[in-house]
Amino acid sequence: MIGRLHHVEIYVNDLKKTKEFYTWFLNMIGYKEYQSWDLGFSMLLENTYIVFVQVEEKYKNIKYHRCRSGLNHLAFYGGSKEQIDIFREKLKRKGISLLYDEKYPYAGGKGYYALYFEDPDRMKLELVAEK
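Here the structure is a predicted model, which means the values were calculated and not measured.

In terms of helices and strands, the protein carries two helices and eight strands. Counting from the amino terminus, the protein carries its helices and strands in the arrangement β-α-β-β-β-β-α-β-β-β. Its C-alpha atoms put the protein at 45 × 35 × 30 Å along the principal axes. Residues classed as buried in the protein amount to 40% of the 131 residues present. For the protein, contacts bridging at least 24 residues in sequence account for 53% of all contacts bridging at least 6. Carbon and sulfur atoms form 51% of the exposed surface of the protein, whose accessible area is close to 8400 Å².

Moving on, we get to the sheet that holds strand β1 (residues 7-12). Strand order in the open sheet formed by four strands is β1-β4-β3-β2, and the pairing between neighbours is mixed. In the strand order of this sheet, the two ends are held by β1 and β2 (32-37), each with one partner. Going across the sheet, the axis of each strand differs from the next one's by a mean of 20°, ignoring polarity. Bridge analysis of β2 against strand β3 (residues 40-45) gives five bridges, and the strand direction is antiparallel. Following the sheet pairing, Lys 32 is matched in β3 by Leu 44. In the packing of helix α1 (residues 15-28) onto the sheet, contacts are made with β1, β2, β3 and β4 (48-54), and the angle to β3 comes to roughly 10°.

As a further point, take the sheet that holds strand β8 (residues 124-129). On the basis of which strands lie adjacent, the open sheet formed by four strands has the order β5-β8-β7-β6 and mixed pairing. Each edge of the open sheet is held by one strand with a lone partner, namely β5 (73-79) and β6 (98-99). Pairing of strand β7 (residues 114-118) with β8 involves five bridges; the strand directions are antiparallel. Residue pairing for β8: Glu 118 is matched across the bridge by Lys 124. Taken strand by strand, α1 contacts β5, β7 and β8, and its axis lies near 10° from that of β8. Packing of helix α2 (residues 81-93) onto the sheet brings it into contact with β5, β6, β7 and β8, and relative to β5 it is tilted by some 120°.

What follows covers the pattern of salt bridges. According to the stated counting rule, one finds six salt bridges in the structure shown. The shortest N-O distance in the salt bridge between Arg 66 and Glu 118 comes to 3.0 Å. One end of the pair, Arg 66, is in the loop between β4 and β5; the other, Glu 118, is in strand β7, and 52 residues separate them in sequence. Taken individually, Arg 66 and Glu 118 each receive the classification buried, so the pair is uniform in this respect. Taking the shortest distance from any N to any O, the salt bridge between Arg 122 and Glu 118 comes out at 3.2 Å. By relative accessible area, Arg 122 is classed as partly exposed at 49%. On the accessibility criterion, Glu 118 (8% relative accessible area) is buried. When salt bridges that share partners are traced, they join Arg 66, Glu 118 and Arg 122 into one network.

What counts, and at which threshold
- Per chain, residues are indexed from 1 in the order of the written sequence.
- Since the coordinates come from a predicted model, pLDDT governs what is reported: local features require at least 70, and pairs of side-chain atoms require 80 or more to be given and counted, while whole-chain, interface and lining totals use all residues.
- In computing side-chain properties, one takes all heavy atoms of the structure into account and sets aside hydrogens as well as water.
- Think of it this way: any DSSP run of H or I at least four residues long counts as a helix, any run of E at least two long counts as a strand, and we number them from the N terminus.
- We call a residue buried when its accessible area falls under 20% of the maximum for its residue type, exposed when it is over 50%, and partly exposed in between, using a 1.4 Å probe and counting protein chains only.
- Should any heavy atoms of two residues lie within 4.5 Å, those residues are counted as being in contact.
- Throughout, the Shrake-Rupley method with a 1.4 Å probe supplies accessible areas, and for residues the shown protein chains are the sole cover considered.
- Two strands pair under a simple rule: DSSP has to find at least two bridges between them.
- Think of each axis as a best-fit line through the C-alpha atoms, taken over the contacting stretch in the case of a helix, with angles from 0 to 180 degrees between the N-to-C directions.
- Counted as salt bridges are all cases of a side-chain nitrogen of Lys or Arg within 4 Å of a carboxyl oxygen of Asp or Glu.

Take a look at the structure:
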């Protein structure tokens, strides 16, 4: 139990868009809505949860960029290679921006079967196939 991630908190520019995106995506991989309040919500899987909070207006003009200092991306296990392929098709149908799609499924290197895409604030997300 020591060292296991407890939660991650992410500030977002548009809570409504973020909630629509993440409840859809995280539900697909087993998360359930945990808490909800006017300026945020959280999603839970077992004992780990992810919190999304509406950024204050005075900070909205400072856009997130994964190449600056700070969080680069979140990576989740997505099941088998076949399940990753199914997730890819679902993301494409929803018009979600796929990253490195020309190198899919080995953009992370030979033998590393993964899908990369962006959330509404352009944070990189990754679904990795279990070996």
